[in-house]
Amino acid sequence: MKKFKTVIGLEVHIEISTASKMFCGCPTDHFGKKANSLVCPVCLGLPGALPYANRQAILASLKFGLAFGCRVSGFSKFDRKHYFYPDLPKGYQISQYDLPLCTEGQWHSESRKKIRIRRIHLEEDTAKLIHSEDNGKKVTLVDFNRSGVPLMELVTEPDFDNAEAVSEFLKEVQKTVRYLGISSADMEKGSMRLEANISLQEEGRKELPDYKVELKNINSFRFLAKAIKAELSRQEELLVKGNRVLQETRGYSEKTGKTFSQRVKEEAQDYRYFPEPDIPPVRFSEDEVEKIKLSLPELPAAKRQRFMDKYGLSQVYAEILIQEASRADYFEEAVALGAKSNFSAKTIADLMVNKNLDRQFPEPAGLVKRITEVTNKDYLPDELTQGAVKEVILKEVKAVADYQKGKTQSLGYLVGSVQRLLKGKADPRRVQEIIQKELTKGAEK
Ligand SMILES: [Zn+2]
């Protein structure tokens, strides 16, 4: 029986949360706004309107590219990508063709597999089509609020060989974008959109398969992993029977757990790209790029590794704590505060990961105070500790005498003896306090 290797490449679209749109001054926060209220001649695509590029969106894309080790082109330009569709009335989308902002990036999966990032470019989002009914008639409504919102597109090489690595990568992309503060990357609101190109390669073959199926319109990581698996088994079934797999676009149905055909592409479309004559090319000096690189915050991968090395956390704990940059900061602040009371980073991580205690205390100081209370409650009552201390002092005559002669190591021995007596259930700091108090009292007599 034939064996196959999975071949997956990704296209990820991310709406950049700048204040204004990509080529005009209209606001970008379109979600939930009255239809067609955030528009102007530029983003409506009216004839003669002049676009101008949004510098912040370009900077955001460069940061994102640098975060994934991309090469930033010193010279980049915008192009017109022609196609006809009602969500794009001017007949072309301003995008980037042969000179994207970033190229040749990379990412390594947990299993150390290298995924090459082909390019990251910037384009304008299109209007939103709403299929609805009006007086019993089926209609399609167009909302241009989204039209012209800066859209960043990342394209990988077909280097993924399983659905898990795809999810892992996409989660890293989402975290990185949030760390950089350039997008909410909220899939439910459409500010992060995923497409996967999937095919199967017969084992032993060098050349890539002569077809690919594009999975589109999937709005959660979980569904994407399921959709990929469903699509892979569909393709395998066809290929094993000796059939061809059609090059097409497919969607995924949660109900059936299967993919379904949306559009068959006979051949690659010709968009007749040509340089956008209304927008001058974008230039960056090496110094400027270097400055942007230096301005990047600590990224998720580096933070994850540092949390493991510096605080001795497991990978699972580190991963949970670095999900949000603000939570990671909270953890480190709490660790610094807790160190004064000898609370280990592990104790703090435990309470945050397993009990979500940080959600109850907006300030790390509140959490540390709570840990003090919790730990005290778990220790034996003070009377028992005091009793045990007295017992040990009576018994350990030599150690007591040594301590009173100034041999401070004896204190540790006495604390240890009390803990042995109480099976380690006393608060060590409290034991030490009581011993010291008792022995000073004894010396004063
Ligand atoms: Zn506008």
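Residues numbered from 1 in each chain as written. Predicted model: local features only at pLDDT ≥ 70, side-chain atom pairs only at ≥ 80, totals over all residues. Heavy atoms only, no water.

A. Main features of helix α4 (residues 221–240). For α4, which comprises 20 residues, the first-to-last C-alpha distance of 29 Å matches the rise-based estimate of 28 Å (1.5 Å per residue) to within 8%. Listed in full, the buried residues belonging to α4 are Phe-221, Phe-223, Leu-224, Ala-225, Ala-227, Ile-228, Ala-230, Glu-231, Leu-232, Gln-235 and Leu-239. If you follow the buried residues of α4, they end up packed against β1 (4–15), α3 (163–180), β11 (192–202), β12 (213–218), β13 (248–253) and β14 (258–264). Gly-242 sits one or two residues past α4 and shows a positive phi near 85 degrees. (Helix = DSSP H or I, 4+ residues; strand = E, 2+ residues; numbered from the N terminus. Expected span 1.5 Å × (residues − 1). Buried < 20%, exposed > 50% of the residue type's maximum accessible area, 1.4 Å probe, protein only. Contact = heavy atoms within 4.5 Å.)

B. The arrangement of the coordination of the zinc ion in detail. Taken together, Cys-24 (SG), Cys-26 (SG), Cys-40 (SG) and Cys-43 (SG) make up the protein donors of the zinc ion, found 2.3 to 2.4 Å from the metal. Considering all 4 donor atoms around the zinc ion, angles at the metal cover 102 to 116 degrees and the coordination shape is tetrahedral. Coordination of the zinc ion draws on donor residues from a single chain, spaced C-x1-C-x13-C-x2-C in sequence. Linking Cys-24 in the loop between β1 and α1 (41–44) with Cys-40 in the loop between β1 and α1, this pair joins segments that are 16 residues apart in sequence. Residues Cys-24 and Cys-40 agree in their burial class; the two are buried. (Donors = N, O, S within 2.8 Å, 3.2 Å for Na, K, Ca; no water. Tetrahedral: all angles 85-135°; square planar, octahedral: opposite > 155°, others 65-115°.)

C. Broad picture of the packing of helix α8 (residues 325–339) against helix α9 (residues 345–355). Here α8 crosses α9 at 140 degrees, and the two axes come no closer than 9 Å. Relative to α9, the element α8 lies oblique. Both α8 and α9 take part in a crossing whose hand is right-handed. Contacts between α8 and α9 involve Arg-327, Tyr-330, Phe-331, Ala-334, Val-335 and Gly-338 on the former and, on the latter, Ala-345, Ile-348, Ala-349 and Met-352. (Axes fitted to C-alpha atoms, helices over the stretch in contact; angles between N-to-C directions. Parallel < 35°, antiparallel > 145°, perpendicular 65-115°, else oblique. Left-handed = near helix turned anticlockwise from the far one by under 90°.)

D. Region of interest: the pairing of strand β8 (residues 128–134). Across 7 bridges, the pairing between β8 and strand β9 (residues 137–143) is antiparallel. Each residue of the ladder has a partner; that of Asp-134, found in β9, is Lys-137. Hairpin connection between β8 and β9: a loop of 2 residues separates the two successive antiparallel strands, and Asn-135 in this loop has a positive phi of roughly 50 degrees. (Pairing = 2+ DSSP bridges.)

This is a description of form; function is not addressed.
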